[in-house]
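Okay, here's what each chain looks like letter by letter:
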Amino acid sequence: MRLIVPQISVGKYAAALFKERFNKKKNLVLALPTGETAVEMYAGFVKMHKNGDVSFKNIKSFNLDEYVGVEACHPQSYCSFMQNNLYNHVDIKKENIFMPDGTAEDIEKECLDYERKIKNAGGIDLLFGGVGQNGHLGFNEPYSALRSRTHKVFLTKNTIAANSRFFTPPQTPPDTAITMGVGTILDANEIVILASGFKKAEALRAAVEGPVCAKWVISALQIHPKAVIVADAAACSNLEPATFEYFKNLKDEYSEIEKLCL
């Protein structure tokens, strides 16, 4: 696992990495997240598209998760988030957009079908994600099985509380969701996790310095051959100084990507 603390913002770095990977493979299969940390990344995607640097015509996109019981057109659905922040602004084909259907009559079948669609697409080339304060990946909460596939999950009180700011009373955030499983995420060829702010510091410490354990799902990235966490200084504030210096001084393909933006 690799940790990058870029001089530029987390979102801008992620966008630069996407562009570099696109230049090598025009028909990428992506897995994409929602959340505040991803907004700047998507703004970078849109800017690159408008500048003619990237095209989404041959790209396939799979969303990491979606609420159960929320219609796709609901303003707080993750479908709406993706449309508003990315899909409505680039040339991606409708048939190449894949999202879990949280309103499906048979959620278990929907999860199995989603796994099948990922397999039929040839698997995920590049997966972007965020991390929750409790270390969740996608909506895989603490103590999720580390070999799990796409499934229905019950959200913790902390996750529901964190999401409540997006819902106007009397609306409340759902307590269940469909999420790619940890095993599904780890099957991706490359994983890029974004983390910013002091609230993510303990999760990041567990990811980088702690043992691999189900309590901190983010720690599963340690066993992936090509996983990188892109974090700001605040998110790294709980790391041992020696850990921070080790990753800061590494020179590899990930450190070279930042130079494209400086």
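Anything mentioned here points back to the structure above.
Before going into details, it helps to say that this report is about the structure given with it. (Residues numbered from 1 in each chain as written. Predicted model: local features only at pLDDT ≥ 70, side-chain atom pairs only at ≥ 80, totals over all residues. Heavy atoms only, no water.)

Focus on the pairing of strand β6 (residues 126–130)
Okay, step 1: With four of five residues buried, β6 lies mostly within the body of the structure.
Okay, step 2: Pairing geometry for strand β2 (residues 29–32) and β6, over two bridges, is parallel. Note on β6: the bridge partner recorded for A31 is L127.
Okay, step 3: Relative to strand β9 (residues 190–195), β6 is paired through five bridges, and the arrangement is parallel. (Buried < 20%, exposed > 50% of the residue type's maximum accessible area, 1.4 Å probe, protein only. Helix = DSSP H or I, 4+ residues; strand = E, 2+ residues; numbered from the N terminus. Pairing = 2+ DSSP bridges.)

Quick look at the sheet that holds strand β8 (residues 176–179)
Okay, step 1: As summarised here, the arrangement of the three strands in space is β4-β8-β7, forming an open sheet in which the pairing is antiparallel. Edge strands, defined here as strands with exactly one partner in the open sheet, are β4 (65–67) and β7 (151–154). Between one strand axis and the next, the sheet turns through 30° on average, direction left out of account.
Okay, step 2: In this structure, β7 lies alongside β8, joined through four bridges in antiparallel fashion. (Axes fitted to C-alpha atoms, helices over the stretch in contact; angles between N-to-C directions.)

Details of the sheet that holds strand β5 (residues 97–98)
Strand pairing in a sheet relies on backbone hydrogen bonds. The paired strands run either parallel or antiparallel.
Okay, step 1: A sheet is described by the order of its strands in space; here seven strands give the open sequence β1-β10-β9-β6-β2-β3-β5, paired in parallel fashion. With one partner strand each, in any of the chains shown, β1 (2–4) and β5 form the two edges of the open sheet.
Okay, step 2: In this structure, strand β3 (residues 60–63) lies alongside β5, joined through two bridges in parallel fashion. Bridge pairing links S61 to I97 in β5.
Okay, step 3: Sitting on the sheet, helix α2 (residues 36–50) touches β2, β6 and β9, and the angle it makes with β9 is about 120°. (Contact = heavy atoms within 4.5 Å.)

Regarding the packing of α2 against helix α3 (residues 78–85)
Any two packed helices are characterised by how steeply their axes cross, that is the angle between the axes, and by the distance between the axes.
Okay, step 1: The contact between α2 and α3 brings their axes to 10 Å, and the two run at 40°. Classified by the interaxial angle, the pair formed by α2 and α3 is oblique. Mapping the contact onto sequence places V39, Y42 and V46 in α2 and F81, M82 and N85 in α3.
Okay, step 2: Partitioned by chemical class, the residues of the contact of α2 with α3 number five nonpolar, one polar and no charged. (Parallel < 35°, antiparallel > 145°, perpendicular 65-115°, else oblique. Nonpolar A, V, L, I, M, F, W, Y, C, P; charged D, E, K, R; others polar.)

Here's the deal with the layout of surface pockets
Okay, step 1: In this structure, the largest pocket encloses a volume near 890 Å³.
Okay, step 2: Looking at the lining of the largest pocket, the elements that each hand over two or more residues are α2, β4, α3, β6 and α5 (157–163).
Okay, step 3: Grouping the amino acids of the lining of the largest pocket by side-chain chemistry returns 15 nonpolar, 19 polar and five charged. (1 Å grid on protein atoms, 1.4 Å probe; cavity = no way out; pocket = protein on both sides within 12 Å on 5 of 7 lines; lining within 4 Å. Points joined across faces, edges and corners; volume = space filled by probe spheres on them.)

Observations concerning helix α1 (residues 10–24)
Okay, step 1: End to end, α1 covers 22 Å across 15 residues, agreeing with the expected 21 Å (1.5 Å per residue, within 8%).
Okay, step 2: Burial analysis of α1 places eleven of its 15 residues in the buried class, which makes it a mostly covered element.
Okay, step 3: Of the positions making up α1, those classed as buried are V10, G11, Y13, A14, A15, A16, L17, F18, E20, R21 and F22. (Expected span 1.5 Å × (residues − 1).)

Brief notes about empty space enclosed by the protein
Okay, step 1: Under the defined criterion, the tally for this structure stands at one cavity of 30 Å³ or more.
Okay, step 2: The computed volume of the largest cavity comes to approximately 30 Å³.
Okay, step 3: Contributing to the lining of the largest cavity are L64, L127, G129, G130, L137, G138, I185 and I193.
Okay, step 4: For the lining of the largest cavity, the element with the highest residue contribution is β6, accounting for three residues.
Okay, step 5: Along the lines of polarity and charge, the residues of the lining of the largest cavity split into five nonpolar, three polar and no charged.

Re the packing of aromatic side chains
The relation between two aromatic rings is expressed through the spacing of the ring centres and the mutual angle of the planes.
Okay, step 1: Applying the stated criterion to the full structure yields 13 aromatic pairs.
Okay, step 2: On the basis of an interplanar angle of 65° and a centroid distance of 6.4 Å, the ring pair of Y42 and F81 is categorised as edge-to-face. With Y42 in helix α2 and F81 in helix α3, this pair connects stretches of sequence that are 39 residues apart. For the residue pair Y42 and F81, the accessibility class agrees, reading buried in each case. (Phe/Tyr/Trp six-rings, centres within 6.5 Å; stacked < 30°, edge-to-face > 60°.)

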